[in-house]
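Architecture at a glance
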Amino acid sequence: MAEHYTSFSRDDTRWLLQRVTAVFLVGVLAFHFMLLHFVHHAYEITLAGTTARMSQPGYFVTMVSFLIAGTFHGVNGVYNALVNQGIEGTPRTIVKYGLIIVSLLLIAQGIRVAWVMTGGQLV
Amino acid sequence: MSQSYDRGLVENFGRWTEFSAGMWAWVFHKFTGWVLIGYLFTHIAVLSTAIEGASMYNGTLQGLEALLIVRFMEVGLLAVAVFHILNGVRLLFVDLGLGLDAQDKSFYASLILTGAIAVASIPTFLGGAF
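On a predicted model such as this, the values are computed, not experimentally measured, just so you know.

**Observations concerning the pattern of salt bridges**
Opposite charge on two side chains makes pairing possible when the charged atoms of those side chains draw close. Summed over all chains, the structure comprises two salt bridges over all chains. Measuring nitrogen to oxygen at the nearest pair gives 2.4 Å for the salt bridge that ties Asp95(B) to Arg19(A). Note that Asp95(B) is positioned in helix H3 (residues 68–95) and Arg19(A) in helix H1 (residues 13–39), a pairing that runs across two chains. Per residue, the accessibility class of Asp95(B) equals that of Arg19(A), and both read buried. Close ionic contact of Glu65(B) with Arg71(B) constitutes a salt bridge, the shortest N to O distance being 3.1 Å. Taken as a pair, Glu65(B) and Arg71(B) share a single burial class, namely buried.

Written out as structure tokens, the structure is:
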């Protein structure tokens, strides 16, 4: 039998979070695609319909969780890919904090948009 | 038991003749991952038009959906997402040490299933586009 191989250290929190978010995203990404392309068609989407969905607390929480999990999983994946390419030292530190800042900005903007989609006002 | 393994730089295309199913799976997973994270940023940017009101949001989404190229890109996005999901599930099993002996077969199965789902989705994605 083939030997067990994994590219990540098992005592690494990011390794675990990458897999936990993967499991979550498998379900939610499939749900998102099914709902907004096969149940509702993308060309039929209007803000009124979006607001009706986003105003449901369960849907809102699911979508914000989707945003946060997707951003972490994607940006951490990009970081892992760059580390695997051999980036190190100062460039690695710059990339790391750059990606963290970009992630936080994306999540903040995504939550602002999700809030507006519930019919809420921005301050 | 896990062990470290130096697979070298897979993006060194001089190694293309060495490519195996596992390596192609790795390259495809990275490629689809880059596409998906790029799309996430674009997606939030487009949805941000909701802040400007219903006419801007509806006009932007319906304007994009009126472009045939966008409809085809949506089929491509679905294919990318489906492969990333299926191969991701495959990777989770590999990380658990399950199905290693069939890891090449599961990669080919992921490709075939991705192709089948993408083709089956074409009527839905192109509906009303012509």
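Okay, back to it.
**Here we look at a nonpolar patch on the surface**
A cluster of nonpolar residues, Leu64(B), Leu67(B), Ile69(B) and Met73(B), forms a patch on the protein surface that exposes about 380 Å² of accessible area. In this fold, Met73(B) is placed in helix H3.

**Quick word on the confidence of the model for chain B**
Residue and element names in this part refer to chain B. Per-residue pLDDT for chain B averages 87, and the proportion of residues at 70 or more is 87%. Taking the mean pLDDT of every element in chain B, the minimum, 92, falls on helix H4 (residues 103–126) and the maximum, 95, on helix H2 (residues 54–65). On the interface metric, ipTM, the complex scores 0.88, and its pTM is 0.87.

**Describing the packing of H1(A) against H3(B)**
Axes are the key here: two packed helices are described by the angle between their axes and the distance separating the axes. Where H1(A) meets H3(B), the axes come as close as 10 Å, and the angle between the chain directions of the two elements is 145°. The element H1(A) and its partner H3(B) pack so that their crossing is left-handed. Listed contacts from H3(B) to Trp15(A), Arg19(A), Val23(A), Val26(A), Leu29(A), Ala30(A), Phe33(A), His37(A) and Phe38(A) of H1(A) are Glu74(B), Leu77(B), Leu78(B), Ala81(B), Ile85(B), Val89(B), Leu92(B) and Asp95(B). Across the contact of H1(A) with H3(B), the residue classes break down as 13 nonpolar, one polar and three charged.

**So, the nonpolar core**
One recurring pattern in soluble globular proteins: nonpolar side chains tend to sit buried together. Core analysis: the largest hydrophobic core is formed by 30 residues, its most contacted members being Phe33(A), Met117(A) and Tyr57(B). Broken down by secondary-structure element, the contributors of at least two residues to this core are H1, helix H2 (47–54), helix H3 (57–84) and helix H4 (89–117) of chain A together with H2, H3 and H4 of chain B. In this structure Met117(A) touches Leu47(A), Thr50(A), Thr51(A), Met54(A), Leu47(B), Ala50(B) and Tyr57(B), once residues within four positions along its chain are discounted. Listed in part, the ten residues of the second largest apolar core include Leu67(A), Val78(A), Ile107(A) and Leu40(B).

**Some thoughts on the confidence of the model for chain A**
Of all residues in chain A, 91% have pLDDT values of 70 or greater, and the mean over the chain is 90. The least confident element of chain A is H1(A), whose mean pLDDT is 91; the most confident is H4(A), at 97.

**Quick notes on the packing of aromatic side chains**
Think of a pair of aromatic rings as described by two things: how far the centres are apart, and how the planes are tilted against each other in angle. Residues and elements named next belong to chain B. With the rule as written, the count across this model stands at eight aromatic pairs over all chains. Judged by centre distance (5.8 Å) and plane angle (85°), the rings of Phe-28 and Phe-83 are edge-to-face. Of this pair, Phe-28 sits in helix H1 (residues 21–47) while Phe-83 sits in helix H3, and the two are 55 residues apart along the sequence. With centroids separated by 5.4 Å and ring planes inclined at 50°, the aromatic side chains of Phe-107 and Tyr-108 adopt a geometry described as tilted. Of the residues examined, Phe-107 reaches a relative accessible area of 2% and is grouped as buried. Looking at Tyr-108, the relative accessible area reads 44%, which means it is partly exposed. Grouped by ring-pair contacts, the aromatic residues Trp-24, Phe-28, Phe-83, Phe-107 and Tyr-108 constitute a single cluster.

How each quantity is defined
- Residues numbered from 1 in each chain as written.
- Chains lettered and ligands numbered in written order.
- Predicted model: local features only at pLDDT ≥ 70, side-chain atom pairs only at ≥ 80, totals over all residues.
- Heavy atoms only, no water.
- Salt bridge = Lys/Arg side-chain N within 4 Å of Asp/Glu carboxyl O.
- Helix = DSSP H or I, 4+ residues; strand = E, 2+ residues; numbered from the N terminus.
- Buried < 20%, exposed > 50% of the residue type's maximum accessible area, 1.4 Å probe, protein only.
- Patch = residues over 30% accessible without salt bridge, like charges linked within 9 Å, V, L, I, M, F, W, Y side chains within 5 Å.
- Areas by Shrake-Rupley, 256 points an atom, 1.4 Å probe, with all protein chains shown as cover.
- pLDDT = per-residue confidence, 0-100.
- Axes fitted to C-alpha atoms, helices over the stretch in contact; angles between N-to-C directions.
- Left-handed = near helix turned anticlockwise from the far one by under 90°.
- Contact = heavy atoms within 4.5 Å.
- Nonpolar A, V, L, I, M, F, W, Y, C, P; charged D, E, K, R; others polar.
- Core = buried A, V, L, I, M, F, W, Y, C linked by side-chain atoms within 4.5 Å.
- Phe/Tyr/Trp six-rings, centres within 6.5 Å; stacked < 30°, edge-to-face > 60°.

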